[in-house]
Amino acid sequence: TERERTLWGIFHEIDTDESGDLSKNELDGRIPTTLSALQSLVTLNVSLNKLEGAIPQEVAACNLDTLNVATNALDGPIPPIVLHWKFVEGRSVDLRANAGLSLPDNIGVLGEAVTEIDLSGLGLKGPLPSTLWELVGRKKLNLAVNNLEGDVDFECFDLLCKLESFDLRKNPGINQTTIAGHL
């Protein structure tokens, strides 16, 4: 689209610099999929704008140490690579205050390298992915204060009990009575 090309022009200008701080610029539209061409970019801060749509999968080709997309209107599943950066590699990733980010269906691909997942208070929407339970060998899983929905599979309760900490509080679409009655 024309708007994406305009945004790409802005992103292209920051290619020569390792830090791309485009926060508070009233940018709107989608994050360009051509972002992957910015190989020298280490920090990308597009917080406090009006960006919408999904975080593009092409972000996986970037070598970012810091990704800040907070306070926009982004929605859709969070690319698993972004979660890998945050919870396995310890990179700085800020996803707060967006319109409707959701857990990816294939969140289980994070595998055994993840010991703690804290995605509380992000306003995540949508169902609990079935592959979420592939992560329950981890120590802590915090998905509290979101807008997740669905039922917790009873077959997973044995796995949940092995966690040091598991929190789904304040998710109006999760059947809290079912959880409390079986843990």
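Computed from a predicted structure; not experimentally measured.

Here's the deal with the sheet that holds strand E3 (residues 43-45)
Strands sit in the order E1-E3-E5-E7 across an open sheet of four strands; the sheet is parallel. Each end of this open sheet is capped by a strand with a single partner; those strands are strand E1 (19-21) and strand E7 (92-94). Averaged over all pairs of adjacent strands, the angle between their axes in this sheet comes to 5°, without regard to strand direction. Sheet analysis places E1 next to E3, joined by three bridges and oriented parallel.

Quick word on unusual backbone geometry
Positive phi outside glycine occurs at Leu-48, with the angle close to 60°. One can find Leu-48 in the loop between E3 and strand E4 (50-53). On the accessibility criterion, Leu-48 (40% relative accessible area) is partly exposed. Phi angles above zero are rare outside glycine, and Lys-170 is one such case at about 55°.

Re helix H2 (residues 80-87)
Where H2 is concerned, the buried positions are Pro-80, Val-82, Leu-83, Trp-85 and Phe-87. The secondary structure elements touched by the buried residues of H2 are strand E5 (66-68), E7 and strand E9 (116-118).

Considerations on the nonpolar core
Counting 44 residues, the largest nonpolar core has Leu-95, Leu-119, Leu-128 and Leu-143 as the members making the most contacts within it. When residues of this core are assigned to their parent elements, the largest contribution, four residues, is made by H2. Beyond its immediate stretch of four places on either side in the chain, Leu-128 contacts Trp-133, Leu-143, Leu-148, Glu-149, Asp-151, Val-152, Leu-168 and Ile-174.

Brief notes about the environment of Ser-47
When you line up the elements, Ser-47 lands in the loop between E3 and E4. Of the residues examined, Ser-47 reaches a relative accessible area of 7% and is grouped as buried. Considering only alpha carbons, one finds Ser-47 and Leu-67, 20 residues apart in sequence, at a separation of 9.2 Å. Residues within four places of Ser-47 in sequence aside, it is in contact with Ser-23, Lys-24, Asn-68, Val-69, Ala-70, Thr-71 and Asn-72.

Conventions adopted
Per chain, residues are indexed from 1 in the order of the written sequence. Thresholds applied to this predicted model are a pLDDT of at least 70 for local features of residues and 80 or more for the giving and counting of side-chain atom pairs; totals over whole chains, interfaces and linings are not thresholded and use all residues. Neither water nor hydrogens contribute to the side-chain values; these are computed over all heavy atoms in the structure. Any two strands between which DSSP finds at least two bridges are classified as paired. For the purposes of this entry, the term helix denotes a DSSP run of H or I that reaches at least four residues, the term strand denotes a run of E that reaches at least two, and both are numbered from the N terminus. To obtain each axis, a line is fitted to C-alpha atoms, and for helices this fit is confined to the stretch in contact; angles are then taken between N-to-C directions over 0 to 180 degrees. Partly exposed describes any residue whose relative accessible area lies between the buried limit of under 20% and the exposed limit of over 50%, with all areas from a 1.4 Å probe on protein chains only and scaled to the type maximum. Contacts are assigned to residue pairs with any non-hydrogen atoms lying within 4.5 Å of each other. Within this scheme, the nonpolar core is defined by two criteria: the residues are buried Ala, Val, Leu, Ile, Met, Phe, Trp, Tyr or Cys, and they are joined through side-chain atoms within 4.5 Å.

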